[in-house]
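Examination of the molecular architecture
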Amino acid sequence: MSILAGSNSKTWAGAIFVVSVAAVLYFLTAAHDIVVGDSPELITAAATLGVAHEPGYPLFTMLGHLFSCLSVGSIPFRVNLLSVICHGATVGVIYLTANRLTRSHLAALIAALLLAANPTFWSWSLVAEVFPLNDLIAATLILFLLAWNEQPQQYALLFMSAFLAGLGLTNHQTIVLLGPASCFILWQQRSILRERPTLLLVAAVSFFAGLLPYAYIPWASAHHPTYNWGNVSSISDLIDVIRRRTYGSSHLVSVPGYTGGSVIARIIALLASFGLTTLLFTAVGLIAAYRQARSYFWFGLVGFLLAGPFFVWITNLNLATAPSALFVLQRFFLLPQVILAPFVAFGFLWIANLIGRYWRRTVVNASLIVTAMTAVSITLRVAMDYGRIDQSRNFIERRFTEDVWRTVESGSILIARGDIAFALMYFQKVEHIGADTELVLLPLLSTRWYVQQLRDQHRNITIPFDRYDGISNNLKKVIEANSNRPFCIVGTIGSDDHSLDENYWPYQRGLLLVVEPRSKNIPLEQMIQENERFFDSYHLPSPAAIRTDTFEADIMTMYAWPAFRIANDCATVGLRDHARKWYQRALAINPQFPEAHEALARLEH
């Protein structure tokens, strides 16, 4: 590996240092449990050797399973450690790349530590997600390509680059955005490739060897794991999963309300994620790299433009109207940050030289001045962001999910959608809580494979259709086909299915809506008393602990909305004192609940 870092021991010492700093910071602040987002689903797939949502993420799942077998902490914490290690290692690779390009240990150190302390990069280092592994593979791919471009006779570097490109595709497909930049490097070395065309053949074989983890998906499906997205049983099924057929191959999301909006707003959010200091160094570094390392300048610029502005444009995600849209988009800012990180080293050296000339002092002294200023900036940033980013004591998702399971009546059919659905699934599949409940994930009920999977795994439930559409194949049919079972909903079922409106009514039972026939009458006093017991036992989160820019805001809403609904029922029949109490309870949970504020004001007047 000396061809990557040179024989100088200082290079390896520097890389080990930045990796250690980043890893310690991430370890201390890593989540010890499930958190909102894709984390519960990915942990479930990893722990059970299942198949995660499209495109399956086989590489992450296999590595995550290895981490889940560690003997430290809870299963979620173990899988979260995969992100800690991947992003810590990514920081080390950035150091090696920046040092190789600038021949400056100090500049490389600054570039690596600025990335490590970046709030967005830091935040996504703490939870089970596919992006840290994607960043590590991408950063290593870039390092190998640049090393081969400098030493084209080292053919192993080309083959390893091709292998990493294929391997990256088995983890996250955004790595394909590095394709045009990688082709630019190949074009730079076209004379050697013409002289030895077998190099491209071996590189192609290496690339396809990198795709081998995709074989895990049909293998896992054949073993019928408890969580098995797609029920892959044929090549066409596998292709459907890889090309994200459910979501649409060219779309990040297809949910109404999440799409559209300003492209400029998304690009501004991308640039803002870098931070002022990094943006300054990067902007100057691009100029310096254009003068000193033009091949790398074009490689980095093309890679950034495609992985950054181009990608956020095609996501078509509406930051203005979509709830938590920035939370969804932020994780895609990581790859652009990794691509541009080495340019920080160029910018650091250029600014140090400029200061040295202006003050008529040596470059060394100027470098120390810039280093000290940057170190102070990094330290202050870490100190200010630590409490906000720290996930080590975040048990909001767990406590909410436990409260839901505590509310479910034994033997129920529980319909769930949204972020909570996968947290409930984690508890059922991994921790075996709620085993006597048939959990149905409503968004997946519209796929034939999921309906078949329900029939295979849950013999006690009848699904009277092959694919849910909310119109002719609706929830009413499910209820009537399972008339002997309690039927409840957590969250909402959306606005498409009105099949329950005529013959059923929703009874508020804590966090759940229990579907009852209109012929059944339950006294309001009974509902109030039952919900008093539930809410007194719930683990209500403090509003100050909620990260309102994430899906945790949905948890706050799902706690507050039942209290608001009960208050409305009390107000309708003239129980003003009860109504006031429940409105106040809703506002205690979510102080920014406008409907509750308005209703309480009407009640008081």
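Scroll up to find the structure.
Residues numbered from 1 in each chain as written. Predicted model: local features only at pLDDT ≥ 70, side-chain atom pairs only at ≥ 80, totals over all residues. Heavy atoms only, no water.

Quick look at the overall build of the protein chain now. Check the secondary structure of the protein chain and you find 28 helices and 5 strands. A globule of 605 residues ought to have a C-alpha radius of gyration of about 25 Å, and the protein chain, at 27 Å, matches this closely. The C-alpha extent of the protein chain, read off along each of the three principal axes, is 85 × 60 × 45 Å. Going through the 605 residues of the protein chain one by one, you find that 56% of them count as buried. In the protein chain, the share of contacts with a sequence separation of at least 24, taken over all contacts with a separation of at least 6, comes to 72%. Within the structure as shown, the protein chain displays about 25,900 Å² of accessible surface, and the carbon and sulfur contribution to it stands at 62%. (Helix = DSSP H or I, 4+ residues; strand = E, 2+ residues; numbered from the N terminus. Rg over C-alpha atoms; globule rule 2.2 N^0.38 Å. Buried < 20%, exposed > 50% of the residue type's maximum accessible area, 1.4 Å probe, protein only. Contact = heavy atoms within 4.5 Å. Areas by Shrake-Rupley, 256 points an atom, 1.4 Å probe, with all protein chains shown as cover.)

Below, the discussion takes up the state of the cysteines. Evaluation of the coordinates by the stated rule reveals 0 disulfides. This cysteine, Cys69, is not joined by any disulfide, and Cys86 carries the nearest cysteine sulfur, 16 Å off. (Disulfide = S-S within 2.5 Å.)

The relation between two aromatic rings is expressed through the spacing of the ring centres and the mutual angle of the planes. Under the defined criterion, the tally for this structure stands at 31 aromatic pairs. Where Phe465 meets Tyr468, the ring centres are 6.3 Å apart and the plane angle is 45 degrees; that geometry is what we call tilted. The exposure classification of Phe465 matches that of Tyr468, with both residues buried. Site record: aromatic cluster; members linked through ring pairs are Phe400, Phe534, Phe535, Tyr538, Tyr559 and Trp582. Lying across the ring of Trp187, Arg190 places its NZ or CZ 4.1 Å from the centre. Above the ring of Trp582, the side-chain terminus of Arg585 is found at 4.6 Å from the ring centroid. (Phe/Tyr/Trp six-rings, centres within 6.5 Å; stacked < 30°, edge-to-face > 60°. Lys NZ or Arg CZ within 6 Å of the ring centre and 35° of its normal.)

For Phe343, the position within the fold is in helix H19 (residues 334–358). Of the residues examined, Phe343 reaches a relative accessible area of 0% and is grouped as buried. If we ignore the near neighbours within four places in the chain, the residues touching Phe343 are Phe281, Thr282, Gly285, Leu286, Ala289, Tyr296, Phe297 and Gly300.

As a further point, take the pattern of salt bridges. Side-chain pairs of opposite charge can arise where the charged atoms are in close proximity. All chains considered together, the criterion is met by 21 salt bridges. One salt bridge connects Asp385 with Arg381, and the closest N-O pair in it is separated by 2.8 Å. Remark: Arg381 and Asp385 occur in helix H20 (residues 363–389); sequence separation between them is 4 residues, near one turn of the helix. Note on Arg381: relative accessible area 34%, which makes it partly exposed. Glu438 serves as the salt-bridge partner of Arg485, at 3.5 Å between the closest nitrogen and oxygen. Of the two residues, Arg485 is situated in the loop between helix H24 (475–481) and strand S3 (487–490) and Glu438 in strand S2 (residues 438–441); the sequence distance between them amounts to 47 residues. The exposure class of Arg485 is buried, given its relative accessible area of 17%. With relative accessibility at 7%, the residue Glu438 sits in the buried group. (Salt bridge = Lys/Arg side-chain N within 4 Å of Asp/Glu carboxyl O.)

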